[in-house]
Amino acid sequence: AGELAWLGERADVAPLFAAAQVLLMTSREDPQPLVPLEAAMYGAATAGFAVGGIGDLAADGAALTAPYPDTAALAELVTRLLDDEGLRADLSAAAERRRREHHSLEVTGERFLAEVGSLLE
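The model shown is predicted, which means the values in this text are computed figures rather than measured ones.

Undergrad: Is there a simple way to think about the packing of aromatic side chains in this case?
TA: In total, this model carries 2 aromatic pairs according to the counting rule given. The interplanar angle of 35° and the centroid separation of 6.3 Å between the aromatic rings of Phe17 and Tyr42 together place this pair among those described as tilted. With Phe17 in helix 1 (residues 14-19) and Tyr42 in the loop between helix 2 (35-40) and strand 2 (45-49), this pair connects stretches of sequence that are 25 residues apart.

As structure tokens, this is what we get:
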């Protein structure tokens, strides 16, 4: 506790997500952030700046956001999440639901195949 370690680029982040309670997204812009959706599969809740797609996740109850670049407000959100297991579970469940309903292979695979088929015609 109280330490931050830079782990560098990783090929397999699943063990890190599984060990995390909170994912902190510090992006200034990310139109469709998939990292929070992947982290939610392992139970991690997301906090980030209210920019791009993170704002959409927050509107769906799948993340908490602070105005950019208010790092103090963002840190307060992280503290809130670490202190509230129920809130973490709710956010993670909403993000996982969003992933299943909008980004899963079952949903996107059919769309992709239909698009390829229309291009081949």
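Undergrad: Would you mind going over the nonpolar core with me for this structure?
TA: Core analysis: the largest hydrophobic core is formed by 14 residues, its most contacted members being Ala47, Leu64, Leu74, Leu77, Leu81 and Leu91. Residue assignment for this core shows that the elements contributing at least two residues are strand 2, strand 3 (64-66), helix 4 (71-83) and helix 5 (85-102). The element contributing the most residues to this core is helix 4, with 5 residues. In this structure, Phe17, Ile54, Leu57 and Ala62 belong to the second largest nonpolar core, which totals 13 residues.

Undergrad: In this structure, what is going on with the sheet that holds strand 1 (residues 22-25)? I would like to understand it.
TA: Working definition: the strands of a sheet are paired by backbone hydrogen bonds and lie parallel or antiparallel to each other. Spatial strand order, 1-2-3: 3 strands in an open sheet with parallel pairing. In this open sheet, the two edge strands, each paired with only one partner strand, are strand 1 and strand 3. Adjacent strand axes in the sheet meet at a mean angle of 20°, parallel and antiparallel pairs treated alike. Pairing of strand 1 with strand 2, which is carried by 4 bridges, proceeds in the parallel orientation. Note on strand 2: the bridge partner recorded for Leu23 is Thr46. Contacting strand 1, strand 2 and strand 3, helix 5 crosses the sheet at an angle of about 85° to strand 2.

Cut-offs and rules
- Residues numbered from 1 in each chain as written.
- Predicted model: local features only at pLDDT ≥ 70, side-chain atom pairs only at ≥ 80, totals over all residues.
- Heavy atoms only, no water.
- Phe/Tyr/Trp six-rings, centres within 6.5 Å; stacked < 30°, edge-to-face > 60°.
- Helix = DSSP H or I, 4+ residues; strand = E, 2+ residues; numbered from the N terminus.
- Core = buried A, V, L, I, M, F, W, Y, C linked by side-chain atoms within 4.5 Å.
- Buried < 20%, exposed > 50% of the residue type's maximum accessible area, 1.4 Å probe, protein only.
- Pairing = 2+ DSSP bridges.
- Axes fitted to C-alpha atoms, helices over the stretch in contact; angles between N-to-C directions.
- Contact = heavy atoms within 4.5 Å.

The values reported here are purely geometric and, on their own, carry no functional implication.
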